[in-house]
Amino acid sequence: MNDDEPLVRWQWIADHAAELADYTAVHLRLGLLPVLFGLIISVPLGILCHRLRRLYPPVLTVANILYSIPSLALFMIFVRYTGLTEQTVMIPLTLYTLSVLVPNVVDGLASVPEPVRLAATAMGFGTVRRVVQVELPIAVPVVIAGVRVAAVSSISLVAVGQLIGQGGLGYYITRGLQLDFPTPIVTAMVLIMLLALTTDALLVLAQRLLTPWSRSKVTAA
Amino acid sequence: MNDFLNQIQLVGDWLTSSSQWHGDEGIPRRLLEHLTYSGLSLLFAALIGLTFGLLVGHTGRGAFAVASVANLARAIPTFGLVVLVVTLAGLSSTPVLIALVALAVPPILINTFEGVRGVDPATRDAARGVGMTGWEVLTRVEVPMALPLILLGLRVAAIQVVATATVAAYPGLGGLGRFIVDGLSRNDYELVIGGSTVVVVLALVVQAVFTALRRVVVSPGLRAAATKS
């Protein structure tokens, strides 16, 4: 890189504002839909693992193995089946969320005090109603702690998808390297971090609204 | 299904062909590079994460700062950081190390801090009551009791680092990612899947090492209480 090239050329950002906004929207979709899908899979799976304890270790092992597959490799495996599409990025990101979300759903359900469970049963709640109306709401803080970790890492991982042409703001990272021009890289990174931190803050807010009875803080492991 | 079996066959062929095990482009050389990046960055990250985690957990001061820094570091896109440092400082292993350290610090820091802070205050009081100094409380009570969580943090960090070190190959550095990136640019699917398999195996070995380590170093009295995760 040229020595007098500044880290950020503000004019470039101003010139590309509209385009940046488009890529930001794509990035958000690629990063957050997997978390939603992950949650849709993890909640029933977590409930199942909580009820059938023997199922939990194998499920956790599989989720951990999936998590240890490098994103780049997993994208490649799916290219063969889903081509260079958004699904190819979103399916692996969904799989990654499971290793955080499933344990947190299980731990959240385990955090329900036994007397509460018994009281619900004594009041005539059936199993399904008890799980949905009593146990899941109590599990919300722990589940959201997992969603926060999953969402932040998912948003930052989307960028790697650029290597198969679907990376949201990651586009500017590879572009900057090709042009030997740091402004797009810095801009993309700052935007990605802002997206991640804003999402995180909104999730904290969501937790406060969803669990008005507990204002105590739950931190992610 | 047939397609899947074909893939396994491909990987098998690739892994067993002798050219993979010799010379500058072979698996041993790439594996060594990969382990060097991963090992060094994990070492630096552990120095940072453990020091601050223990310090903050023990004194109870700066808890909010630790949580914020860890959260901020988690949000940094590793891929972007590697590429940015390469653009600014040129091609060397430094960008990879910086990015991987940033990736590995949060889980180590948070878990160490949570582990130390989670020690029962009554136990801590008892330790002080029998005349232990602050340092002794830390090294003989808090650290042993926090060990399961500290190891969990190190394990998560190690697996993330091993998996992410593949990104180093994109701007032209070595490591096992070379196979994946080269395979991608040459449209050589066998190379991509073969390289990925080696990384997955490496991650599983890391997982197994930490499981074994936990058996050895965690006090038997704590093991029963901390069987989860």
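Note that the coordinates shown come from a computational prediction; the quantities given were computed from them, not determined experimentally.

1. Observations regarding the overall build of chain A
When helices and strands are counted, chain A shows nine helices and zero strands. Starting at the N terminus, the α and β elements of chain A follow one another as α-α-α-α-α-α-α-α-α. If one aligns the C-alpha atoms of chain A with their principal axes, the spans along those axes are about 75 × 40 × 25 Å. The burial tally for chain A puts 43% of its 221 residues in the buried class.

2. Re the overall build of chain B
Within chain B, the regular secondary structure consists of 10 helices and zero strands. Based on the C-alpha atoms only, the size of chain B along its principal axes is roughly 65 × 40 × 30 Å. Looking at chain B as a whole, 45% of its 229 residues qualify as buried. Put simply, 72% of the contacts in chain B that link residues at least 6 apart link residues at least 24 apart.

3. Some thoughts on the packing of helix α4 (residues 71–82) of chain A against helix α8 (residues 177–185) of chain B
Look at α4 of chain A against α8 of chain B: their axes get within 10 Å of each other, and the N-to-C directions meet at 35°. Crossing geometry of α4 of chain A relative to α8 of chain B is assigned as left-handed. Residues Leu72, Ala73 and Met76 of chain A of α4 of chain A form the contact with α8 of chain B, whose own contacting residues are Gly177, Ile180 and Leu184 of chain B.

4. Let's talk about helix α5 (residues 86–110) of chain A
Residues and elements named next belong to chain A. In this model α5 runs 36 Å from its N-terminal to its C-terminal C-alpha over 25 residues, within 8% of the 36 Å that 1.5 Å per residue would give. The sharpest bend along α5 measures roughly 35° and falls at Leu98. Summarising burial for α5: 20 of the 25 residues are buried, a large majority.

5. Quick notes on the interface of chain B and chain A
Contact residues are listed per partner, giving 35 residues for chain B and 34 residues for chain A. Elements supplying a minimum of two residues to the side of chain B that touches chain A: α3 (63–75), α4 (78–89), α5 (94–117), α7 (134–164), α8 and α9 (189–217) of chain B. Looking at side-chain class alone, the side of chain B that touches chain A contains 22 nonpolar, 11 polar and two charged residues.

6. Describing the confidence of the model for chain B
Here chain B shows a mean pLDDT of 84. Residues at 70 or above account for 90%. The complex prediction reports pTM at 0.81, with the ipTM value standing at 0.81.

7. Points about the environment of Val101 of chain B
All names here are of chain B. By the secondary structure assignment, Val101 is in helix α5. Judged by local crowding, Val101 falls into the buried class, with 23 C-beta atoms found within 10 Å. The spacing of Val101 and Pro144 is 43 residues in sequence and 25 Å in space, taken between C-alpha atoms. Once residues lying within four places of it in the same chain are set aside, the contact partners of Val101 are Ser41, Phe44 and Ala45.

Thresholds applied
Residues numbered from 1 in each chain as written. Chains lettered and ligands numbered in written order. Predicted model: local features only at pLDDT ≥ 70, side-chain atom pairs only at ≥ 80, totals over all residues. Helix = DSSP H or I, 4+ residues; strand = E, 2+ residues; numbered from the N terminus. Buried ≥ 20, exposed ≤ 12 C-beta atoms within 10 Å, placed from the backbone. Contact = placed C-beta atoms within 7 Å. Axes fitted to C-alpha atoms, helices over the stretch in contact; angles between N-to-C directions. Left-handed = near helix turned anticlockwise from the far one by under 90°. Expected span 1.5 Å × (residues − 1). Bend = angle between axes of the 7 residues up to and from the residue. Nonpolar A, V, L, I, M, F, W, Y, C, P; charged D, E, K, R; others polar. pLDDT = per-residue confidence, 0-100.

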